[in-house]
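In case you want the letters, here they are:
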Amino acid sequence: MAVKLGVNIDHIATIREARKIREPDPVAAAVLAELAGCHGITAHLREDKRHIQDRDIRILRGVTTTHLNMEMAPTQEMVQFAIDVQPDMVTLVPENRKEITTEGGLNVAAKIEDLSQVITTLKNNDIAVSVFIDAETDQVKAARKVGADFVEFHTGRFANAFDMGTAQDLDREFSAMQDMTVLARKYGLRVNAGHGLNYRNVGYIASIEGIEELNIGHSIIGRAALVGMDRAVKEMLDAIRRAEH
Ligand code: PXP
């Protein structure tokens, strides 16, 4: 199965919001990323609107020709917004205003009832739903219980082990990804992964049989600032293809 690349364009909006002006536009970044060959666009509409704005998602919905994945917290306000804008998919993530980035997976196991309601509402409105979770058995079981279509495994612990851990740390985190992918697929869940993936570590995760799509933001946007979006996306696609089974 060819692994797909979803490009998270939030950090183009981060640069724009540093000045609160109109440039650079994440919509332009999305168009360039698609022209470079990515398979989807991801944007996180945070409740504090620190980078992506409502306007960005609305315009992205109009111009995205691949697949629009909107990340959001499972709140009533966000659910109403998603129903109005109709992204192809919503990925439910935890949110903490003080965090620099999404630090851990959503604790689905602790919120079965609330999340079941949110997911049913989104699915009844023709929006596929993914839950961003840690690669743990309880969370995978809970994802099935709440009726998610996809899980997205949080690869942050794996990325940290790759950079700073021992060989055993890396082995443990990589095995967790492999084992939980098998379990999720056994339950009929589709599997994506993301967070902290970069040009050096992406090969490991792309080699796992059963993972469909990788959502990658910071490393691609960081490289795009230096070499341009087209080259940054193509180099990531090459890194993924080199690893494929
Ligand atoms: N997937 C999810 C659910 C995320 O919240 C993020 C960060 O916004 C990413 C993927 C991308 O992470 P990174 O920017 O580290 O590539």
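Up top you'll find the structure we're talking about.
Residues numbered from 1 in each chain as written. Predicted model: local features only at pLDDT ≥ 70, side-chain atom pairs only at ≥ 80, totals over all residues. Heavy atoms only, no water.

Some thoughts on the packing of helix 4 (residues 76-85) against helix 5 (residues 112-124)
Two numbers describe how helix 4 lies on helix 5: the axes approach to 10 Å, and their chain directions differ by 10 degrees. By the angle class used here, helix 4 and helix 5 are roughly parallel. Across the interface between the two elements, Q76, V79, A82 and I83 from helix 4 touch V118, T121 and L122 from helix 5. Considered class by class, the residues forming the contact of helix 4 with helix 5 number 5 nonpolar, 2 polar and no charged. (Axes fitted to C-alpha atoms, helices over the stretch in contact; angles between N-to-C directions. Helix = DSSP H or I, 4+ residues; strand = E, 2+ residues; numbered from the N terminus. Parallel < 35°, antiparallel > 145°, perpendicular 65-115°, else oblique. Contact = heavy atoms within 4.5 Å. Nonpolar A, V, L, I, M, F, W, Y, C, P; charged D, E, K, R; others polar.)

Remarks on the site of the ligand
Near the ligand lie 13 residues; those nearest to it are E71, E152, G196, G217 and H218. A distance of 2.8 Å separates an oxygen atom of the ligand from a polar atom in the backbone of G196. The backbone of G217 places a nitrogen or oxygen atom 2.8 Å from an oxygen atom of the ligand. In the complex, 93% of the free accessible area of the ligand, which totals 400 Å², lies under the protein chains. In the shell around the ligand, the residues fall into 3 nonpolar, 7 polar and 3 charged. (Near = heavy atom within 4 Å. Polar contact = N/O pair within 3.5 Å; in protein donor to acceptor, adjacent residues only side chain to side chain. Areas by Shrake-Rupley, 256 points an atom, 1.4 Å probe, with all protein chains shown as cover.)

Topic: the packing of aromatic side chains
This model, assessed by the stated rule, comprises 4 aromatic pairs. Taking 6.2 Å as the distance between ring centres and 45 degrees as the angle between the ring planes, the aromatic pair formed by F158 and F162 counts as tilted. Note that F158 and F162 are positioned in helix 7 (residues 156-164) at a spacing of 4 residues, about one turn of the helix. Seen from their ring centres, F158 and Y204 are 5.8 Å apart, and the 50 degrees between their planes marks the pair as tilted. Separated by 46 residues along the polypeptide, F158 in helix 7 and Y204 in helix 9 (residues 202-206) bring together distant segments of the chain. (Phe/Tyr/Trp six-rings, centres within 6.5 Å; stacked < 30°, edge-to-face > 60°.)

Topic: the sheet that holds strand 4 (residues 89-92)
Strands pair in a sheet through their backbones, by hydrogen bonds, and they do so in one of two ways: parallel or antiparallel. As summarised here, the arrangement of the 8 strands in space is 1-2-3-4-5-6-7-8, forming a closed barrel in which the pairing is parallel. Each neighbouring strand pair of the sheet contributes to a mean axis angle of 25 degrees, computed without reference to strand direction. (Pairing = 2+ DSSP bridges.)

A short note on the environment of A193
Within the element layout of this structure, A193 appears in strand 7 (residues 190-194). Excluding residues within four positions of it along the chain, A193 makes contact with E152, F153, T155, I205, I211, E213, L214 and N215.

Thoughts on helix 1 (residues 10-17)
Turning to helix 1, its buried residues are D10, I12, A13, R16 and E17. Each buried residue of helix 1 lies within a common arc of 160 degrees when the element is viewed along its axis, so the set occupies one face. Buried residues belonging to helix 1 abut strand 1 (4-8), helix 2 (26-35), strand 2 (40-44), helix 3 (54-63) and helix 10 (218-227). (Buried < 20%, exposed > 50% of the residue type's maximum accessible area, 1.4 Å probe, protein only. Arc of directions from axis to C-beta.)

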